[in-house]
Amino acid sequence: MNVSSRVALAGGLALSSVVLLSGTASAHVSVQPQGEAAKGGYATVAFKVPNERDNASTVKLEVALPADHPLASVSTQPIPGWKAEVTKARLDKPLEVHGKKITEAATKITWTATGSKIAPGEFQQFTVSLGQLPENTDRLVFKALQTYDNKEVVRWIEEPKDGAPEPQTPAPVLKLSAATDDHHGAGEADDDAAGKAGDKDHGTGEKAAAAGSGDTTARVLGVIGILVGAAGVAFGVLAGRRRSA
């Protein structure tokens, strides 16, 4: 085997190792914000659940919400073929949200298949609206249990540590961004942006309408000018003929 062949073989093996390792590291239950997850605000997040088995399908997902940072508002997005249930518990220490005292918070979300499954080679995203996010931490840890139709349960509960290798079955971690002044969630921010865009479009429409009106007036005046000019020419021709006669 010549030198170039050896280099190509080594490169191929290295690339294959990277692909295999990256696939193994990423094939677990994870959580990502849809937009921004700012401290003190509200956020929409998606739990991504890949199916890791070749001979079984995922039929249940249980996500434990952080007890050290209780969330007063939790709502799930409907998914065809799945039933979502939010479990709540009374708080030892009430929360104050927007001037109101909250005495209970969600502790767990359970999705159960009712007519659908996550088959081998597939994944599903479970979308949730959460709030109010805490202001005194940089991340939230959600421990999850993934159940297959062969009764196997995978426990994604190991909390990742900074500077340490990723655990074999890491828990989903939501990283929080810096707090905003208005504490609006992503959905509210989108609504505000849409409102501003509507105002801008309205103003642009008024300007366009005014411009269109001006163009119409100019066209009318132009047509009148042409007609007046044509009448003048015709009058001149007739006058010339009369003089000749």
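Our subject is the structure listed above.
The model shown is predicted, which means the values in this text are computed figures rather than measured ones.

What counts as what
Residues numbered from 1 in each chain as written. Predicted model: local features only at pLDDT ≥ 70, side-chain atom pairs only at ≥ 80, totals over all residues. Heavy atoms only, no water. Phe/Tyr/Trp six-rings, centres within 6.5 Å; stacked < 30°, edge-to-face > 60°. Helix = DSSP H or I, 4+ residues; strand = E, 2+ residues; numbered from the N terminus. Buried < 20%, exposed > 50% of the residue type's maximum accessible area, 1.4 Å probe, protein only. Contact = heavy atoms within 4.5 Å. Pairing = 2+ DSSP bridges. Core = buried A, V, L, I, M, F, W, Y, C linked by side-chain atoms within 4.5 Å.

### What to know about the packing of aromatic side chains
Then, in step 1: This structure, assessed with the given rule, holds 4 aromatic pairs.
Then, in step 2: Here W82 and F126 contribute two aromatic rings whose centre-to-centre distance is 5.2 Å and whose plane-to-plane angle is 85°, an arrangement assigned as edge-to-face. Taken as a pair, W82 in strand 5 (residues 82-97) and F126 in strand 7 (residues 123-131) lie far apart in primary sequence, 44 residues in all. Taken individually, W82 and F126 each receive the classification buried, so the pair is uniform in this respect.
Then, in step 3: For the pair W111 and F126, a centre-to-centre distance of 5.0 Å together with 45° between the ring planes defines the contact as tilted. With W111 in strand 6 (residues 100-113) and F126 in strand 7, this residue pair connects regions lying 15 residues apart in the sequence.
Then, in step 4: Assessed through its relative accessible area of 1%, W111 is described here as buried.
Then, in step 5: You can call F126 buried: its relative accessible area is 0%.
Then, in step 6: Taken together, the aromatic side chains of F47, W82, W111, F126 and F142 make up a single cluster linked through ring pairs.

### Points about the environment of P120
Then, in step 1: Positionally, P120 belongs in the loop between strand 6 and strand 7.
Then, in step 2: With a relative accessible area of 36%, P120 lands in the partly exposed category.
Then, in step 3: For P120, the residues in contact, after removing those within four places along its chain, are N51, R53, D54, N55, A56 and S57.

### A short note on the pairing of strand 9 (residues 143-148)
Then, in step 1: Across 6 bridges, strand 3 (residues 58-64) lies against strand 9 in antiparallel orientation. Residue pairing for strand 9: T58 is matched across the bridge by Y148.
Then, in step 2: Relative to strand 10 (residues 153-156), strand 9 runs antiparallel, the two being bridged by 4 bridges. Paired with A144 across the bridge in strand 10 is W156.
Then, in step 3: Between strand 9 and strand 10, which pair antiparallel in sequence order, lie 4 residues; one of them, K151, sits at a positive phi of approximately 80°.

### Describing unusual backbone geometry
Then, in step 1: Of note, the amide linkage connecting G131 to Q132 takes the cis form, showing an omega dihedral of -15°.
Then, in step 2: Within the secondary structure, Q132 sits in the loop between strand 7 and strand 8 (139-141).
Then, in step 3: For K151, which is not glycine, the phi torsion reads 80° and is therefore positive.
Then, in step 4: Within the secondary structure, K151 is located in the loop between strand 9 and strand 10.

### Examining the nonpolar core
Then, in step 1: F47, W111, F126 and F142 are the most contacted members of the largest nonpolar core, which has 31 residues in total.
Then, in step 2: For this core, the leading source of residues is strand 2 (residues 43-50), giving 4 residues.
Then, in step 3: Each residue touching F126, except ones within four places of it in the same chain, is listed here: V45, A46, F47, V49, L61, I79, W82, W111 and I118.

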